[in-house]
Each structure stands twice: as structure tokens, then as C-alpha cells.
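# Descriptive analysis of the structure
Spelled out, the chains give:
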4 protein chains.
Amino acid sequence: MELGLVGLGKMGGNMRERIRRAGHTVVGYDRNPDLADVHSIEELVGKLQGPRVVWVMVPAGEATQTTIDELAGLLEPGDVVVDGGNSRWTDDEKHARQLAAKGIGFVDCGVSGGVWGLQNGYALMYGGEAEHVDLVRPVFDALKPEGDFGSVHAGRVGAGHFAKMVHNGIEYAMMQAYAEGWELLEKADSVTDVREVFRSWQEGTVIRSWLLDLAVNALDEDEHLEQLRGYAQDSGEGRWTVEAAIDHAVPLPAITASLFARFSSRQEDSPQMKMIAALRNQFGGHAVTKKP
Amino acid sequence: MELGLVGLGKMGGNMRERIRRAGHTVVGYDRNPDLADVHSIEELVGKLQGPRVVWVMVPAGEATQTTIDELAGLLEPGDVVVDGGNSRWTDDEKHARQLAAKGIGFVDCGVSGGVWGLQNGYALMYGGEAEHVDLVRPVFDALKPEGDFGSVHAGRVGAGHFAKMVHNGIEYAMMQAYAEGWELLEKADSVTDVREVFRSWQEGTVIRSWLLDLAVNALDEDEHLEQLRGYAQDSGEGRWTVEAAIDHAVPLPAITASLFARFSSRQEDSPQMKMIAALRNQFGGHAVTKKP
Amino acid sequence: MELGLVGLGKMGGNMRERIRRAGHTVVGYDRNPDLADVHSIEELVGKLQGPRVVWVMVPAGEATQTTIDELAGLLEPGDVVVDGGNSRWTDDEKHARQLAAKGIGFVDCGVSGGVWGLQNGYALMYGGEAEHVDLVRPVFDALKPEGDFGSVHAGRVGAGHFAKMVHNGIEYAMMQAYAEGWELLEKADSVTDVREVFRSWQEGTVIRSWLLDLAVNALDEDEHLEQLRGYAQDSGEGRWTVEAAIDHAVPLPAITASLFARFSSRQEDSPQMKMIAALRNQFGGHAVTKKP
Amino acid sequence: MELGLVGLGKMGGNMRERIRRAGHTVVGYDRNPDLADVHSIEELVGKLQGPRVVWVMVPAGEATQTTIDELAGLLEPGDVVVDGGNSRWTDDEKHARQLAAKGIGFVDCGVSGGVWGLQNGYALMYGGEAEHVDLVRPVFDALKPEGDFGSVHAGRVGAGHFAKMVHNGIEYAMMQAYAEGWELLEKADSVTDVREVFRSWQEGTVIRSWLLDLAVNALDEDEHLEQLRGYAQDSGEGRWTVEAAIDHAVPLPAITASLFARFSSRQEDSPQMKMIAALRNQFGGHAVTKKP
């Protein structure tokens, strides 16, 4: 089939490659002309035969909105837009309505895979009406990993990004689980080779996983992670997971603790712990550590 | 080689089988004569040629202590005792000293694998002196999974049980991560097939793991887990992990949250939330829910 | 001075009474004619001399919006609207702009005090421009507790509701602190009179507070809180506090834990703990508790 | 009455003063001869008439054990030892048995009050048999604050230290509550005077407390706590509270979060967050922050 692909960055570029390897035609556009096959979204749309499928793979928020606005003016009834970026699920319904007003279909798709996707395939979670999903199906099949898994029609519009968001929330807490365990092992006097303990866990244990394999890779590069700072960014999806949980009154203690640990890691000094120190000093005369 | 094995319950019985399949001789004792090869630990010791290796696979605490006491009186210098049960790591050094006073070696070994161990092998984490570990090596090799992983000499006496304990702490938080994500997906209106979302995650995602595979198995048996109560026991190891973290001043927010979630799950009604309800009523005149 | 007061429920009714006791004139409107002094907001506005001050004390969200819409059409340049309800701080700027377009001032005011306010005074946190705040000042002085505290111009529009929201977040965690301590004391074998322990803490301790006094009141009514269910509602403000923290990347572990504890308290059975039980069963053959 | 007091440090010295002001005789011993009234514990015991009451006010652990050992050899049947230090409640029963073997009574007493105790009185929580408590009563009455509160016979031996331990656990979470709220307010653009918000809360709010008063004092000394580092020690009692909760399977999320926040505050760099950074880099190619 033919696919229009807007956004050819680290993710989009590799996805174009994987789709082409599967024998499909991809017309790619990017603001960076060195990456692009065409000079404009208008040219991209013109090169596709209807019913067209255009996959948007640009940063969530303003960039995605601008792209969808432009596509809404260029596409025709029966065409379908796929938002494969990291949009918040609450934007999906808005985009679906905007496009439906012109007879254009909309599918939201959460994509997991990172730098390993080109080689191993991308896990895909998508939401939308069956007729729209069916139009995109050959591309989904090209992108997904080999085997029976890695691709799911999760539900209505928004379900794809919601499922991907929850995936990332789970990811936060799994990473935190290994990280907590690693720190504790590093502190134990009796354990003399933490890296080998992690390595051994890769088979036969309850906690074997791909993330564990990656942890072993990281320890092989830097056994005690001495070259790194304990500083971790968070993407929007961890925050949105907690907000979605609050909306639904679902307790998420482990995922939220993992998000907060990242917040703390980025603070040069903790304001709240200054207040704790100040209070201890007030009632107990405890010495406080003053800034130099 | 020859191995004495004390304790032939669910775990010990399968381990005897796996060791025998590897061509070794196992003399097994259990209080239940239907399971045992010999009538007493004394008889077991008598059947082995020195240097003897006796693997203790009985419940942690009193049962393990009693068995080690008896072995201390029966074994000879150069023999080695392996504690493969779920002993707290703080007991290991005590046992090592007790046996060393008689010239007997000691190795502690954490064993993971559960009901899948006989077939897939057991992950083993052991601690002790190299000469003692070397004597047990053929049994470790028989028990471990095929391949390069699943067996580690983690450090000094105590390191095996410490590493296994941390393994279980990580396990708690990983399970909690999937559980939180599952509950949130079940609450989302747009997501119409949560089980298929979980299934799809088994390939190509960051969160693929053996536990995820098990979650899919569970959902295949009971899609919305409607036949289960939200009630989860905890073994000692989760508690010990948190206590070890407190000893070392290591923050463990995700693992501890997972432990506390299990505590809460077992409360018919929450005393602390009664106090919250009472306080809300006191200051705000908020209605409280009285018992029927 | 003269005040128009829209909303004469539990809070608004008592506030009218406290303002009148201070010698001011209050024209009150409520949808319930039994409570109201006038038949409509229009009549209320007509009874006041400019520059008018109208205090809105109705539920946050739609009711507040509708009232402000109506006032925007009735009031004149130089008048001031006060939103004393539990509005989310993010609504305040919108309301301020809407009214400013007509030359009408806006002050947001968080009010604490509950059922004790009529007698002890209400704590007030307000945001807005100084000239608008000054117009309302006599009413603030009438409502606030005696003494030097209980009334603060916290900052720009929105600051009042933001400060009140944070007050409630702190309140959640303080209540949780006492509740956790109470449950633990109730579990200790050696402690034979938990209520007297709480009572004793009312003087000389670091943790003495008004909430502690209320806890003692509650225990005097029902020593072990046996007549209550461990079931606690949450108002929007706890949720908004966590969301604001996420917006600002501020870790809020204790307040969030307190919110989640309330979520859990309202679940008949915990879906996430069903998943934990299912996983334990899958890998360990652990018995699960099935529904009857 | 006459009291022997062992330990005249910051706490013990002020307590001697407060007891003397109440008209009692105190014979004080300290290893520092500049503080002591007598040269040895033996001399102290010799100066008291039976039945003697000796109050031990030395650091928990070894120092307390040594003192009790010495007193066990010097006192006579019918005498009573009070442990007023910060001993872990689990030590109390051991000490009681040790002394009971010689016919000597034992009372454990948790003491709150810090640097304010001399002036305002000390809150006292004690455990032990009624006949032993009655012997100490005049000293309890001298130390406690004026009024009806601040002194409680909490239960059997151990109950005093247990109650004090829980008091401190609650204290941790209350301090954390204010600290989290303060940090969030400091981050809000609209709130221009956080200190005045805190000050205003001292009357009429649900969260007014002595700790809040202290927070205002601290902010009056240093409005944004700019001179402090966000670094907070923890005493043993917070840790013991969590351990006691684990023993009793009581979930303690807010108190534990508060303890972990202190642990984190003391880490120059967080090992666990290095692992998070390493994992993000492995799967996503996310840039990591390397050490300079």
C-alpha cells in the first residue's frame, strides 16, 4: 500500500525504513529537507491515491495539532489520519471530531520500541473505528514485531494512546523496582558482585524481563554506574498516567512513587527537606546543615 | 555426586527429581515417611561418603534451626551444609559460625523457580567460601536452568539469601506495576479489550517479561478476574527487604508501597480509614458511613 | 458595608450570620426561597449601592460559572465579585478576565472553617488586585477569627484558591498521620489504652494540634470507632493538589499516599490486588481466595 | 520525693531543673563531673532512701544497658528503675525481666518536649505495673505540662516507648505534610507571599498546630530557607515505627514516605536514579547526564 508519513525524526525515519522493507510505498515529509521525500504536506497528499492514509509522527501538542489542521484542509472524505505520536489520549477525541467533520477518519496509535524498533519491530496499540483501522492494517503489520503479539486494536478513539500511556506508567514502576533492588544490593556488605547477581537473574527467576537484560547491558558498560548522575527525566506519559488514575479514583502507589523519585532526582536541593530541617531545628535544637 | 536432602515438600521433592535426572545420587529425608528415602537424618548422614553435602530445604526459622542443630552433631569436619530454604540472611552468619566451630562448612542458597522449576530449572543465588561452594557445584549445575544464567556465587555467607530476598522485593513491585496498570485500563471507557492489550505487550514493548506472560495466562483463565478476591498474602521476604533498606537508609518507595498494598488487601475494614472518616465528621460535619 | 451573598447553604448561611453580627448589611440570595432575602440575583444587585461587592458561595464548577455569568450581565464597572467557593484555581483567571472585560473586579477566596466557623471565625486566603481586595476588606475582617491570624492576601488572582487547595492537601496528610499512628497503637499488645495516649498528646508534644483535639473528641464518642466504616470520601482539592504538584514537578509522597488511601477505602474489592493474587497463583501455585 | 537521675545531658539536665523547681530532691550523676552531683552511680544509690527511684536518661542501646546492668547490682528489692531514654520498646521487656529477677521494678517512659520542655513541661508516656508507676508519680507530675494532659500510663512494660515511638512516626508525617505544601506554594506563580499564607493558617484552619507555629518561626528567621540545605537526619524512632508496622502488617504509607524522603535527602547522588538513567539510555537512547 501507499503511506504518507509526516515526521522523519529518530522514530519516524526508522519506521519509514521498516515499512519500506515490507514492500510498501512511503512518501515521507519532514521540516528538515535532508530527510524528506517531498517539499510539503500538500505535495505529500498529492502523491497519494485515495483512500489515503497519512501517519503523523511529530511531537505531541502544538506540532501535532498544526499538522492535523493542515491535513484537515487537504484530505478528502474516506481518507484516514493516524496519530502515532505521544499525544495525550484526551486530544484524540478532539482530533477525531475535527476530521470527522470533513468525512476523514482518525486512528490514534501508541508506538513502543525506541531505538530497537527498526530491528525488532514496534509494539502498536491503536484505537478507532474498525473501518479506519482496516485501512491502516498493512502498515501495522509491517511495523509490528514478528510473531503473534505486538499489535492490538485496543478500543475506541483514544484507546491506543491510553494503552500506551499505561504501558509507560508500568514501565516507570518496573524500572524503579530494579533500581531500588540494585541500590540495596550495592549497599549489602556480604554481596560482592551485584552485576553477576543481576546477570544470573536473566533465566529461571520470576523477575526475568527485557528491562533486566538491559540493566545487565548497562552494568557491563559501567559496573557501578559511576559515570552517570542519578538524574532522570520524565516524559509526559508518566504524569498523565497518574492524572488518569486520579480521574478514575484508582490508587497507583508504585507508579506514582516512581514518578516522584524522578522529580526528586532533578532537584539540586530539596525545598521540602529544607523545611524538615528547619522544623527539626525549631523543636529539637537539632543542628542544621547550612549552605557553605 | 551424592547429596543428602532434608525436606521433600513441594520444592524439595521436585529438586530431588531434577538432581537425579542429572545423574546424581540423592538421599532424601522428610518427616513424612511416604516421601522419604531414609528414616532419619542420622541414617541419611550414614549413607553418604565424606566429604558430605547436605542440603536443608525446610521452612525458615525453627525447622531450619533444629535441622542444622542435628546436622552439627552428626557431620564431620570437611562436610558442608547448604541452607536452601527461605531463611532470613541474618540467620546465615549465625549458622555458619555454629557449624564452623565443628569444622563444617556452610553455604546459603536462595532458590527461585516455584512450580516451574522442575521443568525449567531453578535460579540459584548462593553465598559462602569458595571451597564450600565448589563442593556443591555439581548440584547447583543440575538444578540451574540451561544456558548461561540462573546461578551465581553472590558473595560471602548470607549473600545468597540476601540476593534472593531482594529478588522477591523487586518481584513485589513488578507485580504491583502490572496490577496498577491493569486496574487503570479496566476503568478506561475507551479501552474495550484490556486482555488483548496485555497480550499484545508480550512482544516489542519495554515491559515484556515472564510475569507479563503469566498475567496473560491468568486473564485467559478469567478475563476480568471476577472469580478472585483482591486479597494477597505476603511472604517474609518482602518485609525483610524493607527492613534491610531501613537498616541501610535506602529509600524503597515502590517496593514498600507494594508491600503495604498487600497488607491493606487483607483488612476486612481499615482502622486508619475509620479515623479519617471520624475526623472528617468532626471538622466538617461530613456524613460518615456507619456499620449496618 | 453592604454585601450581596449568593448561596446560603451550610457554609453561606453561617457566614451571613457572622457578617451581620459584625454590623454589616447582607442581602442573601439562594435558590431555596426559604433561605433567601431576595427572589433573584437581579433583585440582589438592585438592592446594593455601588461600588457593589457580591460574594459567590455556591458549588464549584457549573453553579459558580452560571452565577458569574449572570453577575457579569448585571454588575457595573467598579463592582467586585468574590468567589468564596471551592473553585479550582485554574478557573479563577478565566473568571477574572471575563469580568474585567466589563470593568468588574474579581477576588478569589478560599475559606476554611467548616461547622466551627460561625463560632470561631473562618480562615480566609484571597487573591486579586489590591484595590479589589480593599473593597472587600470589611467583610474579610468580619469573617476571620479574632486575633492576628486567619486572613491573608496570598497573591494574584488564583492565589487564594491555590493556597486553600494546598491547605487541604496538608490536611489530608496530617489526618493520615494520626490515622496511621492510631491503627498501629491499636495493634500493639502492650498498649492498653490508646484513647488516653491520644488524649495525653494534647499538651507538651510536638504533634499537638486542633486535629488531634478532634481525634480525641471522636474517640470519646466511640473509643474504638467500631460504629464507623473505614470509608472516606475525598473532595476535589486533594486531587487538584496532586495535579498541581505534577504540573510543577514537585514530589508529594505523603499527600498523595493519603489521597490513594481514600481511593482504596472506597473499593469493595481491589481490582489490582486481584491481579496480584492471580500472579502469585500463576508462578507459585499459591492458593487464591475465591469469591464465595 | 527523692530521685536518682543518671544522665544530665541536654534533656536530663533540664529535667533535673524542672523536678527541683517542683520541690523534689534530685541526685544527679553524669560521666561528665562538671554536670554531676555525685561521683558514681554507686554513690548516687547510696544517697537515696528506699524504696529508691532511679531515672535513666542516657542514649539508647549500649549506654542504657550498661547503666541498667550496674543498677541491677546496686539496687534492692522494691526499688524502681525508670528508662526515660529513647530505647526501642523491644528492649523494655528484657530490662524488666532482668530487674524483676532481683525484685526491682521497671517503668519505661517516652519523653517528648525537646528544648521547650523545661519551660512548658514534658509530655510523658509510660508503661509498667501500677505499683511501680505509683512510686514514680510525683516525678511524672513535676515533669508534665500544666493542665489535664501530657502524662499517660499507656499500658504494660514497653507501652511507654511504643507510644513515644508512634508519636515520633506521626511527627515525621506531619512535618512532611507541611514541607510538601510549602514547596508547592513556593512553586506557584500566583502566590506571592508564602510566609504570610503559613502565618495566616495559625488560626481558624483545620491544620493549625504547634508544628505550624514553628514553621512560621523558621520562615521569620529565613523567609525562603535559603541558608539551609535540604538535608534531614532521622532518629531511630521513625525506623522503628515502620518496622513495628511491618510486624503488625499495618500499612503506613505516609509515615514511611516521610522516612524515605529523609533517606533521599542525605544522598549526594542517588544510586537508584543512576539505574533509571542507565535503563532509559539503554532502551530509548535517551541522553544521560554524565558526571563532570
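As shown above, the structure is provided for reference.
My aim in this report is to walk through the structure given alongside it, one point at a time. Remember, it's a predicted structure, so these values are computed and weren't measured experimentally.

With that out of the way, let us pick up the environment of Thr192 of chain B. When you line up the elements, Thr192 of chain B lands in the loop between α7 (159-187) and α8 (194-200). Sequence-wise, Thr192 of chain B and Met275 of chain B are 83 residues apart; in three dimensions their C-alpha atoms are separated by 38 Å. Setting aside its immediate chain neighbours within four residues, Thr192 of chain B contacts Ala154, Gly155 and Arg156 of chain A.

Another point: the sheet that holds strand β1 (residues 2-6) of chain B. Residues and elements named next belong to chain B. Read from one edge to the other, the open sheet built from seven strands follows the order β2-β1-β3-β4-β5-β6-β7, with strand pairing classed as mixed. On the outer flanks of this sheet lie β2 (25-29) and β7 (151-155), each paired with one strand and no other. Neighbour-to-neighbour, the strand axes of the sheet open up by a mean angle of 25°, direction not taken into account. Where β1 lies against strand β3 (residues 53-56), three bridges are found, and the strand directions are parallel. Bridging across to β3, Leu5 finds its partner in Trp55. Lying over the sheet, helix α3 (residues 62-74) contacts β1, β3, β4 (80-83) and β5 (105-112), oriented at roughly 165° with respect to β3. The strands touched by helix α6 (residues 130-143) within the sheet are β1, β3, β4, β5, β6 (123-127) and β7, with β5 carrying the most contacts at an inclination of about 30°.

Turning our attention to the side chain of Gln267 of chain B. By the element assignment, Gln267 of chain B lies in the loop between α11 (253-265) and α12 (271-284). In this structure Gln267 of chain B comes out as buried when scored by relative accessible area, which is 18%. When neighbours within four sequence positions are excluded, Gln267 of chain B is seen to be in contact with Glu183 and Lys187 of chain C together with Ala249 and Pro251 of chain D.

Structurally, Lys144 of chain C can be placed in the loop between α6 (130-143) and β7 (151-155). Of note is the side chain of Lys144 of chain C, whose polar atom sits 2.8 Å from the backbone oxygen of Gly147 of chain C.

All names here are of chain B. In this model, helix α1 (residues 10-21) (twelve residues) spans 17 Å end to end at C-alpha, consistent with the 16 Å of a helix rising 1.5 Å per residue. What α1 keeps buried is the set Gly12, Gly13, Met15, Arg16, Arg18 and Ile19. In this structure, the buried residues of α1 make contact with β1, β2, β3, β5, α5 (117-120) and α6. In the segment just after α1, Gly23 is the residue with positive phi, at about 95°.

What follows deals with empty space enclosed by the protein. Space left empty within the atom packing is revealed by a probe, the size of a water molecule, rolled over the atoms. Under the criterion given, the structure shown has two cavities of 30 Å³ or more. Roughly 40 Å³ of volume is contained in the largest cavity. Lining the largest cavity, in full, are Gly113, Trp116, Gly117, Asn120, Gly121 and Trp210 of chain A together with Gly204, Thr205, Val206 and Arg208 of chain B. Class assignment of the residues belonging to the lining of the largest cavity gives a composition of three nonpolar, six polar and one charged.

Conventions and cut-offs
- Residues numbered from 1 in each chain as written.
- Chains lettered and ligands numbered in written order.
- Predicted model: local features only at pLDDT ≥ 70, side-chain atom pairs only at ≥ 80, totals over all residues.
- Heavy atoms only, no water.
- Helix = DSSP H or I, 4+ residues; strand = E, 2+ residues; numbered from the N terminus.
- Contact = heavy atoms within 4.5 Å.
- Pairing = 2+ DSSP bridges.
- Axes fitted to C-alpha atoms, helices over the stretch in contact; angles between N-to-C directions.
- Buried < 20%, exposed > 50% of the residue type's maximum accessible area, 1.4 Å probe, protein only.
- Polar contact = N/O pair within 3.5 Å; in protein donor to acceptor, adjacent residues only side chain to side chain.
- Expected span 1.5 Å × (residues − 1).
- 1 Å grid on protein atoms, 1.4 Å probe; cavity = no way out; pocket = protein on both sides within 12 Å on 5 of 7 lines; lining within 4 Å.
- Points joined across faces, edges and corners; volume = space filled by probe spheres on them.
- Nonpolar A, V, L, I, M, F, W, Y, C, P; charged D, E, K, R; others polar.

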